[in-house]
Structure formats: structure tokens, C-alpha cells
Amino acid sequence: MAKPKVATTSLAGCFGCHMSLLDIDDRILQLVDLVDFDKSPIDDKKHFDGPVDIGLIEGGCCNEENVRVLQDFRTHCTTLISVGDCATMGGIPAMRNGIPLAECYAEAYLNGPSVHNPSGEIPNDPELPLLLDKVYPCHEVVKVDYHIPGCPPPADALWQALVALLTGKPLALPYELIKYD
Amino acid sequence: MADNKRKIIREICQSCGDDPTRLMDIVRAVQMRLRCVDDEAMDLIAKAVNTHRVEVAGVVSFYAFLADQPLGDIVIRLCDDVIDEMAGSKYVAEALRSELGIDFGQTTPDGRFTLAWTPCIGMCDQAPAALVNDVPVTELNSDTARRMIHELREHMRPELLVTRVGDGNNAHPLVQSMVKNNLRHAGPVVFSPVNRGEAIRKALAMTPVEVIRAVKTARLRGCGGAGFPTGMKWEFTRAAAGERKFIIANADEGEPGTFKDRVILTERSDRLFAGMTIAGYAIGASEGILYLRAEYAYLRRYLEEVLAARRAENLLGRAICGRPGFNFDIRIQMGAGAYICGEETALINSCEGRRGEPRNRPPFPAQHGYLGGPTAVNNVETLCCVTKVLEVGPGTFSELGTGVSGSAGTKCLSISGDCRAPGIYEVPYGTTLRSVLDMAGGSEAAAVQVGGPSGKMIAPAEYDRRICFDDLATGGSVMVFSRRRDLLHVVSRFLDFFIEESCGYCTPCRVGNVLLKERVDRIRHRRGNTTDLDYLRELADTVKLTSRCGLGQTSPNPVLATLEKFPHAYTVLMPPNGNGALAPFDLEAATGDARAVVHRERQHSTAVEENRNG
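In this text, all values refer to a predicted model and were calculated from it rather than measured experimentally.

Student: It is not clear to me how the overall build of chain A should be interpreted in this structure. Could you clarify?
Tutor: Secondary structure summary: chain A contains 7 helices and 7 strands in total. Reading the helices (α) and strands (β) of chain A from amino to carboxyl end gives β-α-α-β-β-β-α-β-α-α-β-β-α-α. Principal axes of the C-alpha set define a box for chain A whose edges measure 60 × 40 × 30 Å. The buried share of chain A, taken over its 181 residues, is 42%. Residue pairs at least 24 apart in sequence account for 76% of intrachain contacts in chain A once pairs closer than 6 positions are excluded. Carbon and sulfur atoms make up 57% of the accessible area of chain A, which amounts to about 9,500 Å² in all. The averaged location of the 26 negative side-chain charges in chain A is 7 Å from the averaged location of its 13 positive side-chain charges.

Structure (C-alpha cells):
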């Protein structure tokens, strides 16, 4: 039987959750025994070419491209997991949700202290994805099966969750792994 | 100007004895004279009463009727509760907007008019209604609203809007209000005729302990909704250590759809004041406070006169009825527009000149209440019942119900909404909801909300349930909804109310109600799915379980009740076979703002899409 496939992506996140995944250290060798990585920054595979068992999503959706990638993941992944606070709640990027979008653009491209923009124009290259009106957590865009909280979730929490899902055993998350204050 | 302001504020503070616990009266008076309590006024007040500026600012920001920016000479507050909406308040709102050329929350450039929404002002039986400064204007429509503005522009005197006065004491020279009592069914307790002084004399013939025993024997329980045994509350207050004890009558009836206290205060204030005096005798208090909600300020002068008349007859004051050592007097404390002040500890904070935030309990007010003294806070109706208990004796009183155990006497119901005769019905405890609806001409109701938004929503199959403490316990609000009404819209409006009135102290209530509303609205807009129902149940349970006071502990009730009894109202709005699937994300709508900011045409992104795919 072929090994289960895992795909990962970082949307409006900082790659910290991916770093945390790498923090499982030498267990990554065990993980490679358990699964094959599909589309993921870890193996730099850019496109899906078939169904995948587990999709790990870091980050929420702040622009139209995030939405398309997330929808692509939902289409291809049997089980979709929101990893980390940005994916589950919007996280730090969602701090802009209380600020009108025009002000966000102006701060980034016109008024910010380090901005040099003599033209005074906000870039409008078609390659630049449009920002959404606010930052959405993943489950407001597509159906998400599981959420792993944390900023980032500790490597052990990710490890436990993946192993439990792959082996069909109950998930053991001791208090220390989900306590954040 | 600045000197004048200084002088006005100094006068006002002096008239309240520069007492920081009278801050409510001070800021209300300043608001009335200067149209706002601005930064400078806060400084001056804080200095005069020797408190911190933040205390004054906290009070001003807490209460809806106070403002730190100047309001217009005339403030029109249109009632925004769901019953008024059903009666057409949106047409009134539209007329006011177009006449004044401003939106709600704004003041006209000439500083003459301010337009505002306000939660239930207790006029649901004559909706839509508004407060024009202190003057209630009822049964509005778009024509009368326009005419009202024309008239006000000419004379700027709200009291002249009253061309025809209501019945009973609404016609009293000191009230002169167009409000109607709509007292459809007077029962044998609260609305029975009062013989001034009779109950007090009977009480004085007993010892205080005997009075408490009589109230206990009568099985009298609090009429505000919670139903705590009144005699027991008094016993605790009497037994508590403390020199100064207090009686507070809670006339902050803010639960939407409740207006019984308004009619009691208009027609039977003597019964209430007698009850307070008897309570004072029973627990050993010599000071009483009537906490009157700001919406009923139009009754204040009349109530002051009733108090003065009672003083003249020696039913208040020193050595009442010639009994040496029994001194008791009552003052009226005005509120300033805050639903939460109906909660007794919030009410006590408000009386002390603070923000009306609930306190932690214990200690309970019976031990540590107003100014730290043992305090009994009772509902207006409860205190009226006390007078009856003394008039007829506890045995007779306890037989006045229909024999449902645990509930003696009568209950005043305020019935509004889709019924032919909205108004006040005083019915014996144990009466079925069905017979109440029959009386009010609302038998065809598709749903009835008993006890206000925080109460219970009742489906037709349950109309044989009884109004009593062990079944349908209620503060008195009965809202009737016909088949034409959209129940989820009602739920959404109820949540609006709780979001507005949450004091913000604890997170489950401050945030949870917003999340509940957001999810209910998502379903209403046909973007929901069945997993949203589980989410709503779970969130509602969390808010109920973890909120600090009764507001958050009950605010999810409309959601839970409709989920349980009217699930169809939700599922009918869900996509067929959409079990668990989300409605497609509306990318077009979500990127609309960005497109406007960067001036991107729609074709652009489509072209990119095609490029990518091709």
C-alpha cells in the first residue's frame, strides 16, 4: 500500500508553523517513513497532480491568491487541518481587520515611515493579488476538519496530531502542549 | 462663557452637597443645562466633589443619556425595539431623517436637534414611540413624525407636542402626558384601590419580625423575574450587621416589552411607597430610594408630589403615624439609560454615582449594599404586593392565586406585539398562557416571547403552560408574534439589544453575543450550514455558563429556544444536501474594497486567471 500523502502551505502566515514542524528534529526521518510529502514548500512541489490525504494549512486568507490556494487544497485533500493561530483565527494579520483597507494600502505604499514612492501611486500590477476586505480564518472560506492552536503549535503537538491521524489512534495532547499563557 | 460654565457646575455640585456618591444627579443636571459633559466639565466636577476625573468620565461614557459632545437642544430618541419595528418605526425613522436632514447618531448643524435610537422605552403597547427630551410621544407614524418636527421647529418646546392627554393620572397636571395606561384587566392585588395609610398602620400594629413573618406566610416572591422569596431577603437584611440600612425599589424596568411598572407608578404609586415604608419598618431602614429609569423622567414631578403628600400626612418622615423612632423617607434616584442597572448590584453602583456595572457576589446586597450598608432591593410590583399582604392579611393574600403551589397572588403582564388589545393584564398566578392570549386577542400567535429577550420563546404546543414561578416565571414582558414575523429576525434584533447593553466587563458576554449574532445573520442570509447550528449551541452554552452576571447568562436564550422549538426557521434557510459544506466564498465581494483602492478593473484579475490556467 502506498504511503499517505501530506501537503502543506503557508498562506497569510510567517512560516513559523512550518519551522515548528521542522522542529520535530530527527523524527522527520520517522515522518518520511510514514508519509510522502506532496505539494509543499518542504519539497518545493508546486502543483497537485492527484488526491492527497492530509493538508496542513498555515496562515489565514488575506488576499485572493490565498483563497484560491486554500480552495485548491480543499479540492485535493481528504482531511484539511488549520495549523496555528493565523489559520484558526486570523492571528496577527487579522489585526488589520479593524482598519479600513484604504488606510492599510496608504500606510504600506504612501505614508509609511520607510516608504519611498515619489509617484504617489498604489501599485496595481495584475500579478499582485488583491487584498480581501479583511483577513479570514480558513474555516470561514472552506470546510476545515481539524484545528491545531498555538503560535506556533509546538513541534510535539504537531507530531502527536499527525501520528494520531495517520495511525488512527486517539490523540494524546498533554496539558503542557496546549497551554499558552 | 467658560466662567458661566464654571458657575453652573459649581452650583449643581453644591446643590448635591459636593457628594461624589451623587455623581449621577450631578452629571445629569450638567447634561441638561449644558447639553453635554465635556472634558472641561468633567475636570470641574471631579475637582468640586473631590474625586478622580476618570470616575466622572467613566460615568459619562457608561450611560446612554449622557454625552461628552454637545447634543442638540432637542434630543429625539426613537425606540428601536422589535415591537416598535413591527409597528412601523422604520417609516418614522425615515420621516425623521428626511425632515431633519441627518442620520441617527447625528446633530443638526444648527445644534437644535439630535436624532438617536434607544432601546425599549416601555411604550410597546402604543408603539412606535419616541422620547423628545423627557416627553414620550406615542403611536407615531411618518405623518405625525413630520408634523412633530415642523411644530418643534416653531416652538422648540417638547411639552407642547402633547395635545391630548392619556387616561388616569397621565392627565394629572404634573404629568400631562399623551401616554395611555391601557390597563385592560385590573386584578385584586396591585391595581386594587389603595386606602392611603391603611397598610402602614396595620404593619405598625405588629413587630417588624411579625411583618416579615406575614410576608413569608403570604409566600410572596420577587416579581422582577427571579422569584426570590421576599420575606427571606428581608430577614437577611434585617439580620445583617450595619447601622444604616436601605430599601431600594427597582423601577429600572428595561427588559424590552415590559411596561407594567410605568402604569403602576402612574396609577398606584401610593401602594409602592407604602410597601417601601413597610419594608423599611421590617428591616430597620430609615432611608429608601426609588431608582427611576431615565425613560420615565416625565413621571418624576408627579411622584415627588405624591411623596410630599405622604410626608404631609405623616406617612413618611419622622415618627411615622405617631410611632416614635420610626423614621423613614424616600428619595428618587434617576437613571441615565442603562438596561444593566436593572440588575440589583449594578443598580446600587449607579445609586452610588458609579458606572452601572454589576458587582461580584458574595457579598450580597443584603449584607453589603448601598454605601456598604445592608440593602434590600425589591421590584416595584413586589413592594405593591407587600402593601396588599398587610391590607388583607397573609392568609387571604396567598389564596388569591389559582392554587399553583409556590406562587401566590397575581402577576402584572405587559402584553405587546401581534394582538388586538395590547396593554397591562393583572392575572392570578397559574393562569395559562393560552387564556392570557385569548384575553389580549392574540390566540393565533405563532410564537410568544415570555419574560423579554432574556426570557423564553414559547411555541403554540406549549400555550397551556402556566404563568407562575415553577413554570413560566417572568418579569412581565409578553411579546406576541404572528405567523407573518420572521423569528430569526427577531432573534437577531434581541442579540442587537444585548450587544448594545452588555457592560463589556467580561469577555463571554462582550464578545460572545457579537459572535452569536454574526452566525445567526449568516444563516439568515442563506450562507449557513448545519454545522453552524452546532456552533451556535456550543457558543450559546459557553456564554451562558461563563458570563459574570444575568445579562450574559440569559442573552443566548433566544438562540437556544429557537434552535430547540423552531429548528425549521433555521434549516429552511440552508442549502439542500449542504450538510457540512460551506456556501462558496464570495471572492468578488471580498475584493471589492481593494479593487476600488487600487483602481483595478474586473477584467484584470480574470485575465490573470486565464493566463495562469492557460
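Student: Would you mind showing me how to read the side chain of B:Glu426 here?
Tutor: All names here are of chain B. In this structure, Glu426 sits in strand S11 (residues 423-428). Arg268 is the oppositely charged side chain nearest to the buried, salt-bridge-free Glu426, at an N-O distance of 7.6 Å. A polar contact is formed between the side chain of Glu426 and the backbone nitrogen of Phe191, at a distance of 3.0 Å. At a separation of 2.6 Å, a polar atom in the side chain of Glu426 contacts the side chain of Thr410.

Student: Please clarify how the pattern of salt bridges should be interpreted in this entry.
Tutor: Where side chains of opposite charge bring their charged atoms close, a pairing between them can arise. Residue and element names in this part refer to chain B. The full count for this structure, using the stated rule, is 59 salt bridges over all chains. Between Asp270 and Arg196 there is a salt bridge, with its nearest N and O atoms 2.8 Å apart. Within this pair, whereas Asp270 is found in helix H12 (residues 269-283), its partner Arg196 is found in the loop between strand S5 (183-185) and helix H8 (198-204), the two being separated by 74 residues in sequence. Each of Asp80, Glu85, Arg493, Asp496, Lys517, Asp521 and Arg524 takes part in one network of salt bridges that share partners.

Student: What is the right way to read the interface of chain A and chain B from this model?
Tutor: Where interface size is given, it is often the accessible area lost as the parts come together that is meant. Each side of the interface is counted separately: chain A has 23 residues, and chain B has 20 residues. Summed over both sides, the interface between chain A and chain B buries roughly 2,000 Å², with carbon and sulfur atoms accounting for 61% of that surface. For the chain A face of the interface with chain B, the top three residues by lost area are A:Arg68, A:Asn124 and A:Leu130, together amounting to 28%. Across the chain A-chain B interface, the total number found is 2 salt bridges. The partner of B:Arg522 in a salt bridge is A:Glu140, with the nearest N and O atoms 3.8 Å apart. On the surface where chain A and chain B come into contact, there are 6 residue pairs in polar contact (both at pLDDT 80 or more). Elements supplying a minimum of two residues to the side of chain A that touches chain B: helix H3 (64-76), helix H5 (101-111) and strand S6 (131-136) of chain A.

Student: Any chance you could explain helix H19 (residues 507-524) of chain B here in plain terms?
Tutor: Each α-helix turn comprises 3.6 residues. Residues three or four places apart therefore point the same way. Look at H19(B): 25 Å from first C-alpha to last across 18 residues, which is about the 26 Å you get at 1.5 Å a residue. Taken as a whole, H19(B) has its buried residues at B:Cys509, B:Gly512, B:Asn513, B:Leu516, B:Lys517, B:Arg519, B:Val520, B:Asp521, B:Arg522 and B:Ile523.

Student: Looking at this model, I keep getting lost on a nonpolar patch on the surface. Mind explaining?
Tutor: Residues and elements named next belong to chain A. On the surface, a nonpolar cluster with roughly 490 Å² of combined accessible area is contributed by Leu171, Leu173, Tyr175, Ile178 and Tyr180. On the secondary structure map, Leu173 appears in the loop between helix H6 (155-167) and helix H7 (175-178). Residue classification places Leu173 among the partly exposed residues on the basis of a relative accessible area of 31%.

Student: How should I be thinking about the pairing of strand S12 (residues 447-450) of chain B in this particular structure?
Tutor: In regular strands, side chains alternate between the two faces of the sheet. Residues and elements named next belong to chain B. Of the two faces of S12, both are covered, the one formed by Ala447 and Gln449 as well as the one formed by Val448 and Val450. The pairing of S12 with strand S14 (residues 477-481) spans 4 bridges and is classified as antiparallel. Bridge pairing in S14 links Val448 to Val480. Across 3 bridges, S12 lies against strand S13 (residues 456-458) in antiparallel orientation. Its bridge partner being in S13, Gln449 is matched across the sheet by Met457. A loop of 5 residues connects S12 with S13, the two strands running antiparallel in sequence, and Gly451 in this loop sits at a positive phi of about 95°.

Student: Before we go on, may I ask you to explain the packing of helix H18 (residues 487-501) of chain B against H19(B) in this structure?
Tutor: A packed helix pair is summarised by two numbers, namely the angle formed by the two axes and the spacing between the axes. All names here are of chain B. In the contact formed by H18 and H19, the axes pass within 9 Å of each other and the chain directions differ by 160°. Regarding the angle of H18 to H19, the classification is roughly antiparallel. Viewed along their axes, H18 and H19 form a crossing whose handedness is left-handed. Of the residues in H19, those in contact with Leu488, His489, Val491, Ser492, Leu495, Asp496, Phe498 and Ile499 of H18 are Asn513, Val514, Leu516, Lys517, Val520, Asp521, Ile523 and Arg524. The residue makeup of the contact of H18 with H19, split by class, is 9 nonpolar, 3 polar and 4 charged.

Student: Would you mind showing me how to read the environment of B:Asp486 here?
Tutor: Residue and element names in this part refer to chain B. When you line up the elements, Asp486 lands in the loop between S14 and H18. With relative accessibility at 43%, the residue Asp486 sits in the partly exposed group. Sequence spacing of Asp486 and Ala569 is 83 residues, and the spatial spacing of their C-alpha atoms is 8.2 Å. At a separation of 3.0 Å, a polar atom in the side chain of Asp486 contacts the main-chain amide nitrogen of Leu488.

Rules of the game
- Residues numbered from 1 in each chain as written.
- Chains lettered and ligands numbered in written order.
- Predicted model: local features only at pLDDT ≥ 70, side-chain atom pairs only at ≥ 80, totals over all residues.
- Heavy atoms only, no water.
- Helix = DSSP H or I, 4+ residues; strand = E, 2+ residues; numbered from the N terminus.
- Buried < 20%, exposed > 50% of the residue type's maximum accessible area, 1.4 Å probe, protein only.
- Contact = heavy atoms within 4.5 Å.
- Areas by Shrake-Rupley, 256 points an atom, 1.4 Å probe, with all protein chains shown as cover.
- Lys, Arg positive; Asp, Glu negative; His and termini not counted.
- Charge placed at Lys NZ, Arg CZ, Asp CG, Glu CD.
- Salt bridge = Lys/Arg side-chain N within 4 Å of Asp/Glu carboxyl O.
- Polar contact = N/O pair within 3.5 Å; in protein donor to acceptor, adjacent residues only side chain to side chain.
- Buried area = accessible area lost by both parts, 1.4 Å probe.
- Expected span 1.5 Å × (residues − 1).
- Patch = residues over 30% accessible without salt bridge, like charges linked within 9 Å, V, L, I, M, F, W, Y side chains within 5 Å.
- Pairing = 2+ DSSP bridges.
- Axes fitted to C-alpha atoms, helices over the stretch in contact; angles between N-to-C directions.
- Parallel < 35°, antiparallel > 145°, perpendicular 65-115°, else oblique.
- Left-handed = near helix turned anticlockwise from the far one by under 90°.
- Nonpolar A, V, L, I, M, F, W, Y, C, P; charged D, E, K, R; others polar.

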